[in-house]
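Remarks on the overall topology
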Amino acid sequence: MTVLEGLAAGTINLAFRRWSKQNVRQGDVMRLEAGVIEVGSVETVDPAAITDADARRSGADSANAVRGTLRGPADAPVYRIHLRYLGPDPRRALSAEAELSEKDFEAIRQRLSKMDRRRPWTHETLRIIAGNPGRRAQELADLLRREKETLKVDIRKLKNLGLTLSLEVGYRISPRGAAYLRLSEDPGRTR
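Report follows, based on the coordinates. Remember, it's a predicted structure, so these values are computed and weren't measured experimentally.

This brings us to the overall build of the protein. Helix and strand content of the protein: nine helices and six strands. Since a compact globule built from 191 residues should have a radius of gyration of about 16 Å, the 20 Å found for the protein marks it as more spread out than a globular shape. A principal-axis box enclosing the C-alpha atoms of the protein has dimensions of 65 × 35 × 25 Å. The proportion of buried residues among the 191 residues of the protein is 37%. Excluding contacts between residues fewer than 6 apart, the proportion of contacts in the protein whose partners are at least 24 apart in sequence is 68%. Surface exposure of the protein reaches about 11,500 Å², of which carbon and sulfur atoms provide 49%. Separation of charge centres in the protein, based on 35 positive and 26 negative side chains, amounts to 3 Å.

Here it is, written out as structure tokens:
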């Protein structure tokens with residue numbers, strides 16, 4: 001069972017991280033492939049105080065295994081992070097919609113139009129992702145002549161609309177995104 005599956009099943013509810021600066025706060029919500037996860041309490045711990053029971057609640061076999069995965073400067077604090085599974089990511093169901101009603105199409109078009117106000121980017125980005133599934137962000141940025149980090153932020157905006165999917169490496173267009181592109185590029189379509 002993977003950590004993400006354990007979070008969804010409720011068998012994993014802890015994480016341990018060594019960070020120079022605390023990266024999450026109580027109440028933060030993260031959208032992961034396994035679903036929506038809420039951060040409960042976040043506290044610093046002495047790595048020697050991590051127990052085997054704690055380790056199992058984090059998806060590891062032993063406390064030593066957890067300590068062995070801690071990265072970062074040895075003098076940085078170790079955080080014990082309580083996690084709570086809130087449910088599936090609603091973007092997954094949204095992204096699976098392969099057929100769009102006229103109302104759905106128009107709602108997406110309006111949202112993308114707002115994103116394009118300063119600089120048109122949404123349609124070209126969707127087309128590049130559709131034509132290059134699994135490409136890394138840097139490769140897509142090179143194709144689009146954009147900076148990688150700002151492109152990644154923009155791709156997350158498209159993902160929030162259910163138009164793209166993150167892969168283990170790179171991205172791909174979702175069925176919803178493909179349906180939108182198909183309709184938006186249909187020359188016989190009345191606008």
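What follows deals with the packing of helix 5 (residues 102–115) against helix 9 (residues 175–184). Taken N-terminus to C-terminus, the directions of helix 5 and helix 9 make an angle of 90°; their axes are 11 Å apart at the nearest point. Classified by the angle between their axes, helix 5 and helix 9 sit roughly perpendicular to one another. On helix 9, the residues that touch Phe105, Ile108, Arg109 and Leu112 of helix 5 are Arg176, Tyr180, Leu183 and Ser184. Looking at the contact of helix 5 with helix 9 residue by residue, the class counts come to five nonpolar, one polar and two charged.

Here the focus is the environment of Gln138. Structurally, the position occupied by Gln138 is in helix 7 (residues 137–144). Looking at Gln138, the relative accessible area reads 39%, which means it is partly exposed. Placed 114 residues apart in sequence, Gln138 and Val24 show a C-alpha to C-alpha distance of 26 Å.

Buried residues of helix 9: Arg176, Gly177, Ala179, Tyr180, Leu181 and Ser184, and no others. Residues of helix 9 that are buried make contact with helix 4 (90–95), helix 5, helix 6 (122–131) and strand 6 (171–173).

All right, on to the pairing of strand 1 (residues 14–18) then. Burial within strand 1 is extensive, with four of its five residues counted as buried. In the sheet, strand 1 pairs with strand 4 (residues 78–87) via five bridges, with the strands oriented antiparallel. If you follow Ala15 over to strand 4, its bridge partner there is Ile81.

Attention shifts here to the nonpolar core. Core analysis: the biggest nonpolar cluster contains 13 residues, and Leu100, Ile108, Leu112, Leu126, Leu158, Leu163 and Tyr180 have the highest contact counts within it. For this core, the secondary structure elements donating two or more residues are helix 5 and helix 9. Other than its neighbours up to four places away in sequence, Ile108 contacts Leu100, Leu163, Arg176 and Tyr180.

Tallying each qualifying case throughout the model produces eleven salt bridges. For the salt bridge of Arg80 with Glu43, the shortest nitrogen-to-oxygen distance reads 3.2 Å. Taken as a pair, Arg80 in strand 4 and Glu43 in strand 3 (residues 35–45) lie far apart in primary sequence, 37 residues in all. What makes Glu43 partly exposed here is its relative accessible area of 32%. A salt bridge links Arg176 to Glu97; the shortest N-O distance between them is 2.5 Å. Of this pair, Arg176 sits in helix 9 while Glu97 sits in the loop between helix 4 and helix 5; the two residues are 79 residues apart in sequence, bridging distant segments of the chain. Residue classification places Arg176 among the buried residues on the basis of a relative accessible area of 9%.

If you trace the four strands from one edge of the open sheet to the other, you get 1-4-3-2, paired in antiparallel fashion. Both edges of this open sheet fall to strand 1 and strand 2 (29–32), since each of them pairs with a single strand only. Between one strand and the next, the sheet's axes are offset by a mean angle of 35°, whatever the strand orientation. Sheet topology note: the strand 3/strand 4 ladder contains eight bridges and is antiparallel. Directly across from Val42, in strand 4, lies its bridge partner Ile81.

Basis of the calculations
Residues numbered from 1 in each chain as written. Predicted model: local features only at pLDDT ≥ 70, side-chain atom pairs only at ≥ 80, totals over all residues. Heavy atoms only, no water. Helix = DSSP H or I, 4+ residues; strand = E, 2+ residues; numbered from the N terminus. Rg over C-alpha atoms; globule rule 2.2 N^0.38 Å. Buried < 20%, exposed > 50% of the residue type's maximum accessible area, 1.4 Å probe, protein only. Contact = heavy atoms within 4.5 Å. Areas by Shrake-Rupley, 256 points an atom, 1.4 Å probe, with all protein chains shown as cover. Lys, Arg positive; Asp, Glu negative; His and termini not counted. Charge placed at Lys NZ, Arg CZ, Asp CG, Glu CD. Axes fitted to C-alpha atoms, helices over the stretch in contact; angles between N-to-C directions. Parallel < 35°, antiparallel > 145°, perpendicular 65-115°, else oblique. Nonpolar A, V, L, I, M, F, W, Y, C, P; charged D, E, K, R; others polar. Pairing = 2+ DSSP bridges. Core = buried A, V, L, I, M, F, W, Y, C linked by side-chain atoms within 4.5 Å. Salt bridge = Lys/Arg side-chain N within 4 Å of Asp/Glu carboxyl O.

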